[in-house]
Amino acid sequence: DDHRLWQRALLPREVADLRERLEAHLSAAADVQAPEAVVAALAAAGAPAVRRPAGDTCPICFDVVAALAGSECCRGCGRNLHRECLEQWQAAAAVSSGAAAAVSCPLCRAELAPPPAGSGPAASSRIAVGQPLPRRVNLAALSEMHRQPSTLEETYPETYQWIERRAQIAAQGAQDSVGQSANAAAGPGPTSPAPTDSSATAAAAGPASGP
């Protein structure tokens, strides 16, 4: 409902009003501190890695990365690798898994980001030598809510009931199939024996006459 969202420019008094609101918001947020578990996790992560200079060996092909142009950098350890090697490795992972799959650094196991779209083999990398790399902390692992074990029945009760019903129907169908197969293997029931020649002759002669 704020008309300033649709304006192409702001008046000086409107800019001053927005700055006052922003400063008030920042001052209020300054008192908010991260939980101790998050602070401890950041401290345990240590100092961020930095990009190493050219001259290292590529962890994929073990050839020397002679220049940073045409190379990528692992965000976890800062090692350089050829962009062509990374593209081939990601293509091989996609073929084996049937979908676009993430690949990890052979040295530190950090996920390797794909090269930027449209970047040629001689394109300059986006990270300079010595530039600190962003650290990543799994906040979900530090959340009390995520630590509590939850079952499928607790999280999605309707889905759990539907799965249980389907399993019962499938089990009943399998049991019926086993019973039908057993009956078919047993064959027809026993039949009365065929009459012998003597019994057939006696039946044809009729009842014996009295004295």
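So, a few notes on the structure that sits alongside this text. Treat the numbers as computed from the prediction; the structure is a model and nothing was measured.

### Overview of the overall build of the protein
Working step 1: Check the secondary structure of the protein and you find 7 helices and 2 strands.
Working step 2: The secondary structure elements of the protein, listed N-terminal to C-terminal, are α-α-β-β-α-α-α-α-α.
Working step 3: Looking at the protein residue by residue over its 211 residues, the buried ones come to 16%.
Working step 4: Considering only contacts in the protein between residues 6 or more positions apart, those separated by 24 or more positions represent 53%.

### Points about the pattern of salt bridges
Working step 1: Per the counting criterion, the structure on display carries 4 salt bridges.
Working step 2: Linking Asp17 and Arg21 is a salt bridge whose minimum nitrogen-to-oxygen distance equals 3.4 Å. With Asp17 and Arg21 both in helix 1 (residues 12–29) and 4 residues apart, the pair spans about one turn of that helix.
Working step 3: Classification of Asp17 by relative accessible area gives partly exposed; the value is 25%.
Working step 4: A salt bridge links Asp56 to Arg52; the shortest N-O distance between them is 2.6 Å.
Working step 5: Via salt bridges that share partners, Arg52, Asp56 and Arg79 belong to a single interconnected network.

### Overview of a nonpolar patch on the surface
Working step 1: A contiguous nonpolar surface patch, about 420 Å² in accessible area, is contributed by Leu152, Tyr156, Trp162 and Ile163.
Working step 2: Secondary-structure assignment places Ile163 in helix 6 (residues 157–186).

### Some remarks on helix 3 (residues 83–97)
Working step 1: Taking 1.5 Å of rise per residue, 15 residues should cover 21 Å, and helix 3 covers 21 Å from first to last C-alpha, within 8% of that figure.
Working step 2: Residues Arg83, Cys85, Leu86, Gln90 and Ala93 constitute the buried set of helix 3. Down the axis of helix 3, the buried side of the element spans an arc of 160 degrees, and every buried residue falls inside it. Exposed and oriented more than 90 degrees from the buried face of helix 3 are Glu84, Gln88, Val95 and Ser96.
Working step 3: Structurally, helix 3 contributes buried residues whose contacts are with strand 1 (71–73) and strand 2 (80–82).

### Some points on the nonpolar core
Working step 1: Cys58, Val65, Cys74, Leu81, Cys85, Leu86, Ala93, Val103, Cys105 and Leu112 together form the largest nonpolar core, which totals 10 residues.
Working step 2: Per-element tally for this core: the top contributor is helix 3, with 3 residues.

### A look at the environment of Val103
Working step 1: In this structure, Val103 sits in the loop between helix 3 and helix 4 (144–147).
Working step 2: Taking the C-alpha atoms as reference points, Val103 and Ala92, separated by 11 residues in sequence, lie 9.9 Å from one another.
Working step 3: Once you skip the residues sitting within four places of it in the chain, Val103 turns out to touch Leu86, Trp89, Gln90, Ala93, Ala110, Glu111 and Leu112.

### Brief notes about the environment of Pro132
Working step 1: The topology assignment puts Pro132 in the loop between helix 3 and helix 4.
Working step 2: When the C-alpha atoms of Pro132 and Gly78 are compared, they prove to be 8.8 Å apart, with 54 residues separating the residues in sequence.
Working step 3: When near neighbours in sequence (up to four residues on either side) are disregarded, Pro132 contacts Pro48, Ala49 and Val50.

### Section: the side chain of Asn80
Working step 1: In this fold, Asn80 is placed in strand 2.
Working step 2: What makes Asn80 buried here is its relative accessible area of 0%.
Working step 3: Separated by 2.6 Å, the side chains of Asn80 and Arg51 make a polar contact.
Working step 4: Side-chain polar atoms of Asn80 contact the backbone oxygen of Pro53, separated by 3.2 Å.

### Observations regarding the side chain of Glu72
Working step 1: One can find Glu72 in strand 1.
Working step 2: Residue classification places Glu72 among the buried residues on the basis of a relative accessible area of 2%.
Working step 3: Among the polar contacts listed, one links the side chain of Glu72 to the side chain of Arg83, at a separation of 2.8 Å.

### Things to note about the environment of Ala54
Working step 1: Relative to the helices and strands, Ala54 resides in the loop between helix 2 (36–45) and strand 1.
Working step 2: Accessibility expressed as a relative area gives 37% for Ala54, which makes it partly exposed.
Working step 3: Linking Ala54 and Leu68, residues 14 residues apart in sequence, is a C-alpha distance of 5.9 Å.

Criteria and thresholds
Residues numbered from 1 in each chain as written. Predicted model: local features only at pLDDT ≥ 70, side-chain atom pairs only at ≥ 80, totals over all residues. Heavy atoms only, no water. Helix = DSSP H or I, 4+ residues; strand = E, 2+ residues; numbered from the N terminus. Buried < 20%, exposed > 50% of the residue type's maximum accessible area, 1.4 Å probe, protein only. Contact = heavy atoms within 4.5 Å. Salt bridge = Lys/Arg side-chain N within 4 Å of Asp/Glu carboxyl O. Patch = residues over 30% accessible without salt bridge, like charges linked within 9 Å, V, L, I, M, F, W, Y side chains within 5 Å. Areas by Shrake-Rupley, 256 points an atom, 1.4 Å probe, with all protein chains shown as cover. Expected span 1.5 Å × (residues − 1). Arc of directions from axis to C-beta. Core = buried A, V, L, I, M, F, W, Y, C linked by side-chain atoms within 4.5 Å. Polar contact = N/O pair within 3.5 Å; in protein donor to acceptor, adjacent residues only side chain to side chain.

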